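# Residue-level structural notes
Now for the letters of each chain:
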Amino acid sequence: MTRISPINPATATGTARELLNGVESKLGMIPNMMSTMANSPAVLDAYLKFSGALAAGGLSAKDRERIALAVGQANRCDYCLSAHTAIGKMVGLTAEQIRNARSATDADAKSDAIVKFAAQLVEKRGLVSDDEVAAARRAGLGDGEIAEVVANTALNLLTNYFNHVAETDNDFPPAEPIDSASSCGCHSDTCSVA
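Summarised in this report is the structure supplied together with it. As a convention, each chain's residues are numbered from 1 in the sequence order in which they are written. Reporting of local features is limited, given that this is a predicted model, to residues whose pLDDT is at least 70; pairs of side-chain atoms are given and counted only at 80 or more, and all residues count toward the totals for whole chains, interfaces and linings. Side-chain metrics rest on all non-hydrogen atoms present in the structure, leaving aside hydrogens and water.

If you check the backbone angles, Arg76 has positive phi at about 55° while not being a glycine. Segments assigned H or I by DSSP are reported as helices when at least four residues long, segments assigned E as strands when at least two residues long, and all are numbered from the N terminus. Relative to the helices and strands, Arg76 resides in the loop between helix 4 (61-74) and helix 5 (78-90). Using a relative accessible area of 48% as the deciding quantity, one classes Arg76 as partly exposed. You will see that Glu167, though not glycine, has its phi angle at about 50°, which is positive. Among the structural elements, Glu167 can be located in the segment after helix 9 (143-166). In this scheme, a residue with accessible area under 20% of its type's maximum is buried, one over 50% is exposed, and one in between is partly exposed, where area comes from a 1.4 Å probe on protein chains only. Given the relative accessible area of 38%, Glu167 is considered partly exposed.

Dropping the structure here:
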């Protein structure tokens, strides 16, 4: 059961109504996470602006979804895993690529470095090593891309944590479970996810 009730778009007023109408016109629906965020129009507006700004960045839609999946898996956010599995399919990720992203791996060296770096950011709370940054660079990530991996990770931390607190009702098809032995991709013996 949800701990923060979603705002009914039909009875929303003011900024919340404007934002929810914008979401519906863009997506054709209003996901429960966004109608729940609308309890504070500032939160929904910040999420939409942050997400929109990153969509205009240099990382591809596929790589942004890979990050969302890796971070969602590391944080065990069922809502985000379900949403980004559906969105990942819409942007062209295969079922295998979706599973791989959740395990912080990919067949493509650059995408692999992106999801590994995102998982390391979560595991280490941003305190990554020089070697980890160097590994991302060796895989072809420039400083701008590294910055965008950090920002996309932060965006997904916001949604993961929000959904944990709100216990948002999942309005997407549930994501399939994967082997939890290496579910965050960090391969650390001390990781709390494994």
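From this point, things continue past the structure.
Attention shifts here to the packing of aromatic side chains. Working definition: rings of Phe, Tyr and Trp (its six-membered ring) pair if their centres are within 6.5 Å, and the pair is stacked with planes under 30 degrees apart, edge-to-face with planes over 60 apart, and tilted otherwise. A full pass over the atoms with the stated rule returns 1 aromatic pair. Ring geometry for Tyr79 and Phe172: centres 5.7 Å apart, planes at 85°, overall edge-to-face. In this pair, Tyr79 sits in helix 5 while Phe172 sits in the segment after helix 9, placing the two residues 93 residues apart along the sequence. Just as Tyr79 is buried, Phe172 falls in that class too.

For this document, the term salt bridge refers to a Lys or Arg side-chain nitrogen within 4 Å of an Asp or Glu carboxyl oxygen. Taken as a whole and assessed by the stated rule, the structure comprises 8 salt bridges. With its nearest N and O atoms 3.6 Å apart, the salt bridge here joins Glu167 to Arg3. Of this pair, Glu167 sits in the segment after helix 9 while Arg3 sits in the segment before helix 1 (14-27), placing them 164 residues apart in sequence. Overall, the relative accessible area of 55% leaves Arg3 in the exposed class. A salt bridge links Lys110 to Glu145; the nearest nitrogen and oxygen atoms lie 2.8 Å apart. With Lys110 in helix 7 (residues 109-123) and Glu145 in helix 9, this pair connects stretches of sequence that are 35 residues apart. Through salt bridges with shared partners, a single ionic network connects Asp63, Arg66 and Asp106.

On to the side chain of Asn156. Position of Asn156 relative to the elements: it lies in helix 9. If we skip the residues at most four places from it in the chain, Asn156 touches Ile67, Ala68, Val71 and His84. Whether two residues touch is decided by their heavy atoms; if any such pair falls within 4.5 Å, the residues are in contact.

Simply put, an axis is a line fit to the C-alpha atoms, just over the touching stretch for a helix, and the angle between two N-to-C directions goes from 0 to 180 degrees. In contact at an axis separation of 10 Å, helix 7 and helix 9 are set at 50° when each is read in the N-to-C sense. Classed by the angle they form, the pair helix 7 and helix 9 counts as oblique. The two elements helix 7 and helix 9 cross, and the hand of that crossing is right-handed. Residue-level contacts link Lys110, Ile114, Phe117, Ala118, Leu121 and Val122 of helix 7 to Glu145, Ile146, Val149, Val150, Thr153 and Leu157 of helix 9. Under the scheme applied here, ten amino acids are nonpolar (Ala, Val, Leu, Ile, Met, Phe, Trp, Tyr, Cys and Pro), four are charged (Asp, Glu, Lys and Arg), and all others, including Gly, are polar. Class assignment of the residues belonging to the contact of helix 7 with helix 9 gives a composition of 9 nonpolar, 1 polar and 2 charged. By the definition adopted for this analysis, an angle is roughly parallel if under 35 degrees, roughly antiparallel if over 145, roughly perpendicular if from 65 to 115, and oblique otherwise. Helix crossings are classified by the rotation of the near helix relative to the far one: an anticlockwise turn of less than a right angle makes the crossing left-handed, while a clockwise turn makes it right-handed.

Turning our attention to the packing of helix 3 (residues 41-55) against helix 9. In the contact formed by helix 3 and helix 9, the axes pass within 11 Å of each other and the chain directions differ by 150°. In terms of their interaxial angle, helix 3 and helix 9 are classed as roughly antiparallel. Once helix 3 is placed against helix 9, the crossing between them reads as left-handed. For the pair helix 3 and helix 9, contact is made by Tyr47, Phe50, Ser51 and Leu54 and by Glu148, Ala151, Asn152, Ala154, Leu155, Leu158 and Thr159, respectively. Split by residue class, the contact of helix 3 with helix 9 holds 7 nonpolar, 3 polar and 1 charged.

Inspection of the secondary structure puts Ala119 in helix 7. Residue classification places Ala119 among the buried residues on the basis of a relative accessible area of 2%. On a C-alpha basis, the gap between Ala119 and Ala70 in space is 6.1 Å, while along the polypeptide they are 49 residues apart.

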